[in-house]
Amino acid sequence: MIDWFTVSYRSIAIGVLVLLLVGGGAAYFYWAGPSTPATPPTSAPPATVTTARFQTIEGNVKVKTVGTFEWVNADRSMALRKSDLVRTGPGSAAEISFFDGTLVHVRPDSLITIEETSEDPSTKKRKVAWHISSGEVQFNAPRPTGGGADREISTPTLRTTTHEAAAGGVAVQESGESNVKIYTGTARVETKTGDTVQLEANTQLKVDAAGKASATQNLPPVPALLAPQHQTEITYQDPARATTLLVWKPVPGAAGYHVMLDYNAYFNRPLVDRTGITESSVEVRGLDVGKYYWRVAAADKEGVEGSFSDFARFTVARPQGMGPGNGPPPPLIIESLEVRQSILQVRGRTEPGATLTVNGQHVDVAPDGAFNEFIQLPAEKPGRQLVVFRAVGINGGILEQKRPVMVGE
């Protein structure tokens, strides 16, 4: 006998289950909509590489990376990070480039620590910092971009901060005194005793070993180099007997000058390193054939030294196929070269009575050795041309200089 009650109950239950399944599916399609391929996650922009690297390495430069105990030779492939140590030996130097464009030149016998090299991911503000335990550092910080930048230079007694473009130097003396010089831009200096000083361009601040700041001092202006100018070639028949005259424009108020001459532009092992020069020129005897770099800084009556000039490079050469002359070559100072189209005006000084030619053209020399002449250059060769000066002294000595000029079209 069929139990209709049981059949009806089962039928109702099955019907309810079907309705639930159908309703659930409809709800899913109603709320979720048709199925679509998943959107791949957007890749994050590449992170800024916030490291520092060696641009140049001269001599004995060592690095101790954070977490290690061994000093290793510096290498340009190294990436310098927070808490890494850099040490330069005697006559050695290194130039470090931070990711924000700041250049730091570490002078000989110095020890520095990389304190910070980072960028805030939200504001894009950059920060670089280094600590000088001993020695000297020169720095050049460009104008910041994006979210701005902080550059901090610290010593055991002070912390210097620059926010805009600036250049200067910071040194730690053996006495414990720290010196801060700002050549361009501005900087804020805070000492460990709580002094705060705002340094303007071309000023200096000294902080003693206890952290007490002295009064700020103005730095002398930068001398302008006159001769030999950059990229000059000087030809001597007998370089061992020749005298090269280094000449610069006098600086108003300067009591003396500091002159450096070296085989390279870092002046780590200078051939000439003279201070207390009271004239605006100095003679250097017996330079061998080769390339040389020179620069000058002015000092006031208290011995405060300003920024060095940009270097000038000159080359000493010996003329081919010519033997030694009968006497030392005459001095030859080119004070100015001005080109207008294809006309070159030259002004300068040489030995009184000397014979002078420029590109083979005779130049009149005044009784005091001065000359001022106009020379026709080849107009059919616009662009860079070499101008050859040749002076023959009264004793037969010969001096040649080659100077590049730009000739207009």
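Everything discussed here concerns the structure shown above.
J.: Describe the overall build of the protein chain, naming the residues involved and giving the relevant values.
T.: A count of helical and extended segments in the protein chain gives one helix and 32 strands. In the protein chain, which comprises 409 residues, the share counted as buried stands at 43%.

J.: Tell me about the side chain of Asp 150, and please be specific about residues and values.
T.: Note on placement: Asp 150 falls in strand β10 (residues 149-154). Discounting chain neighbours no more than four positions away, the residues touching Asp 150 are Lys 125, Arg 126, Lys 127, Val 128, Thr 162 and His 163.

J.: Describe the environment of Asp 273, listing the residues and the values that go with them.
T.: Relative to the helices and strands, Asp 273 is located in strand β22 (residues 272-277). Judged by relative accessible area, Asp 273 falls into the partly exposed class, the value being 44%. Separated by 11 residues in sequence, Asp 273 and Asp 262 have C-alpha atoms that sit 8.8 Å apart. If we skip the residues at most four places from it in the chain, Asp 273 touches His 258, Val 259 and Met 260. Among the polar contacts listed, one links the side chain of Asp 273 to the side chain of His 258, at a separation of 2.5 Å.

J.: Hey, could you go over the packing of aromatic side chains for me, with residue numbers and the actual values?
T.: Using the criterion set out here, one finds seven aromatic pairs in the structure. Ring geometry for Tyr 292 against Phe 314: centres 5.6 Å apart, planes inclined by 25 degrees, an arrangement best described as stacked. On the criterion of sequence distance, the pair formed by Tyr 292 in strand β24 (residues 290-299) and Phe 314 in strand β25 (residues 312-317) is long-range, its members being 22 residues apart. This pair shows no difference in class: Tyr 292 is buried, exactly as Phe 314 is. Clustering of aromatic rings is evident, with ring pairs tying together Phe 98, Trp 130 and Phe 139. For the cation-ring pair, Arg 87 lies above Trp 71, with the distance from its terminal atom to the ring centre recorded as 4.3 Å. One residue, Arg 295, lies across the ring of Phe 308, its end atom 4.0 Å from the ring centre.

J.: Could you give an account of the pattern of salt bridges, naming the residues involved and the relevant values?
T.: All told, the structure shown has 17 salt bridges when counted by the stated rule. Among the ionic pairs, Arg 159 bridges to Glu 115, the shortest N-O distance being 3.4 Å. Here Arg 159 is found in strand β11 (residues 158-162), whereas its partner Glu 115 is found in strand β8 (residues 110-119), with 44 residues between them in sequence. Look at Glu 115 and you get partly exposed, because its relative accessible area is 25%. Connected through salt bridges with shared partners, the residues Glu 115, Lys 127, Glu 152 and Arg 159 form a single ionic network.

Conventions used here
- Residues numbered from 1 in each chain as written.
- Predicted model: local features only at pLDDT ≥ 70, side-chain atom pairs only at ≥ 80, totals over all residues.
- Heavy atoms only, no water.
- Helix = DSSP H or I, 4+ residues; strand = E, 2+ residues; numbered from the N terminus.
- Buried < 20%, exposed > 50% of the residue type's maximum accessible area, 1.4 Å probe, protein only.
- Contact = heavy atoms within 4.5 Å.
- Polar contact = N/O pair within 3.5 Å; in protein donor to acceptor, adjacent residues only side chain to side chain.
- Phe/Tyr/Trp six-rings, centres within 6.5 Å; stacked < 30°, edge-to-face > 60°.
- Lys NZ or Arg CZ within 6 Å of the ring centre and 35° of its normal.
- Salt bridge = Lys/Arg side-chain N within 4 Å of Asp/Glu carboxyl O.

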